[in-house]
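# Descriptive structure summary
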Amino acid sequence: MMSEIDEYPKLCKAPLFYRQWEIISDPSRFINVLIREFGDFIHYRGLINFYLINNATLIKKVLNETHRNFDKNTVIYNRFRNAFGNGLVTAEGAHWRRQRKLIQPSFKPISIEKFSRIMLDSSNKTIERWENFCKSKTTFNLTEEMNMLTLEIAGKSLLSDGFNSAARDIIRWTHVINKYSAGVPFPIFSKKWFPSPLNLKLRRALREYRSFMSKTIEDRKGNELEEDLLSVFLSMRDEETGQSMNEDEIAEEVLGMIVGGQETSATALVWTLYELSLNAEVEEKLLNEIMNVTAGAQIDFSRIGELKYLKVVIQESMRLHPPFWFENRNAMHDVELGGVNIQKGSMIAFSRYALHRNTNYWDDPETFNPNRFDEESSRENNGVNSSAYLPFSSGPRVCIGRHFAMMEMMIILCSILQKYKVRVNPHYKHKVAINLTMEPKGGLPVILERR
């Protein structure tokens, strides 16, 4: 049973430069150590200074007051801007409001139905290719497979056939951008002009990507046959000014959606299949639901809502393994937080991973238990504390693609589980790699068994 904790934790100052080296070697473990040693409200001072919060009420306040008291002008998001430019993920102020208003309608549940066919076709193609793995009982890397599948779905949803012609390049650009974005934002090294090997690779990848997008946009102008998101972006007009997005703005939004949406969905899918392989009763109950709804046929978009247990399985997987595990904000001016005066320019950070396992809000938080999200359990336990469950964030900056991502994951998992049991290789030794997302280190080796 989850509980509401309204009393603010006491602010505790960590010793200067406390275990500073662990920020680089294992940032998630570093944050968990800070919380264990100093509590749920910490002032950390080192090469990077920040306030760390692990209290649901304080986190909700920060997220809900984004744009009023907090924004994304932090050293971490400034590093992201080097890669993503001024797209929705990183934009602020009037530009963010304009872009969000323009793009939001394209990601409403009713608007994303047309992409379900891309999701299903791409899933089927992957499953057919897996037939050789299954026959030969070959171990393969599930992380790589899910990354390729979600990248294809993102690419085709955004660029239609334009993705096919540049798939290899897009994979390479995505890899460079992910690696750069996951770097620790130390001064100087985070400046795009600094001639480090990774910075040089980033600049080259962005040049190539912009050249590709420029040609793609030019070829698309006047062609109204395509029904992808690029065509939608090209046709958008601001209601007040009548202005459309320019080429740079479109390129930035497409890049953010391909890179951000693809990796987070792939990671969530890997962790869900990992947990199902370890929890036979959950997998059996889920398979029964899938067969009752589909009768062995392909899932139809109109019936996705009937897969209620599949939805809570995904929700519980994202609780234990939140794809984008870390979040941060900047104090726009002096502001009160938990009875403490936070000075302008201070960074406030929190870990979704730590919050989703905080025993103040979750019973037995290390256990994979989808039932904690079902309607009956929620009624008995006074509902899920939405402030303590934030896989897609909250407040004004809640993930714009959350409905797309949930539909994508449900279609992919339904399609895979209808045909295969996915089993983790028995020789696998579990370790976690911390990048933009948290994923099995070196990927997840799996073996397939036919249903």
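Computed from a prediction, not measured in an experiment: that's the story for all the values here.

## Looking at the packing of helix α6 (residues 116–129) against helix α17 (residues 402–419)
Contact pair α6 / α17: the axes reach a minimum separation of 9 Å and the direction vectors enclose 35°. The chirality of how α6 crosses α17 is right-handed. For the pair α6 and α17, contact is made by Ser116, Met119, Leu120, Ser123 and Ile127 and by Phe404, Met407, Glu408, Ile411, Ile412, Ser415, Ile416 and Lys419, respectively. A breakdown of the residues in the contact of α6 with α17 according to their chemical character gives eight nonpolar, three polar and two charged.

## Points about the sheet that holds strand β13 (residues 445–450)
Pairing is antiparallel across the open sheet formed by three strands, whose spatial order is β5-β13-β10. Each having just a single partner strand, β5 (140–141) and β10 (420–424) make up the two edges of the open sheet. Bridge count between β10 and β13: five bridges; the pairing is antiparallel. If you follow Val422 over to β13, its bridge partner there is Leu448. In this fold α17 packs onto β10 and β13, with an angle of close to 95° to the strand it touches most, β10.

## Section: the side chain of Glu249
With respect to the helices and strands, Glu249 occurs in helix α12 (residues 247–278). Judged by its relative accessible area of 13%, Glu249 is buried.

## Notes on helix α9 (residues 162–181)
Remark: the principal bend of α9, roughly 60°, maps to Arg168. Along α9, the residues that are buried comprise Gly162, Phe163, Ala166, Ile170, Trp173, Thr174, Val176, Ile177, Asn178, Tyr180 and Ser181. In this structure, the buried residues of α9 make contact with α4 (75–84), α8 (142–159), α10 (197–220) and α12.

## Describing the sheet that holds strand β2 (residues 41–44)
Spatially, six strands are ordered β1-β2-β3-β9-β6-β4 in an open sheet, and the strand pairing comes out mixed. Every interior strand has two partners, whereas the edge strands, β1 (12–13) and β4 (70–71), have only one. Relative to strand β9 (residues 347–351), strand β3 (residues 50–53) runs parallel, the two being bridged by two bridges. Note on β9: the bridge partner recorded for Leu52 is Ala349. On the sheet, α4 packs against β6 (326–331) and β9 and is oriented at approximately 110° with respect to β6.

What counts and what doesn't
Residues numbered from 1 in each chain as written. Predicted model: local features only at pLDDT ≥ 70, side-chain atom pairs only at ≥ 80, totals over all residues. Heavy atoms only, no water. Axes fitted to C-alpha atoms, helices over the stretch in contact; angles between N-to-C directions. Helix = DSSP H or I, 4+ residues; strand = E, 2+ residues; numbered from the N terminus. Left-handed = near helix turned anticlockwise from the far one by under 90°. Contact = heavy atoms within 4.5 Å. Nonpolar A, V, L, I, M, F, W, Y, C, P; charged D, E, K, R; others polar. Pairing = 2+ DSSP bridges. Buried < 20%, exposed > 50% of the residue type's maximum accessible area, 1.4 Å probe, protein only. Bend = angle between axes of the 7 residues up to and from the residue.

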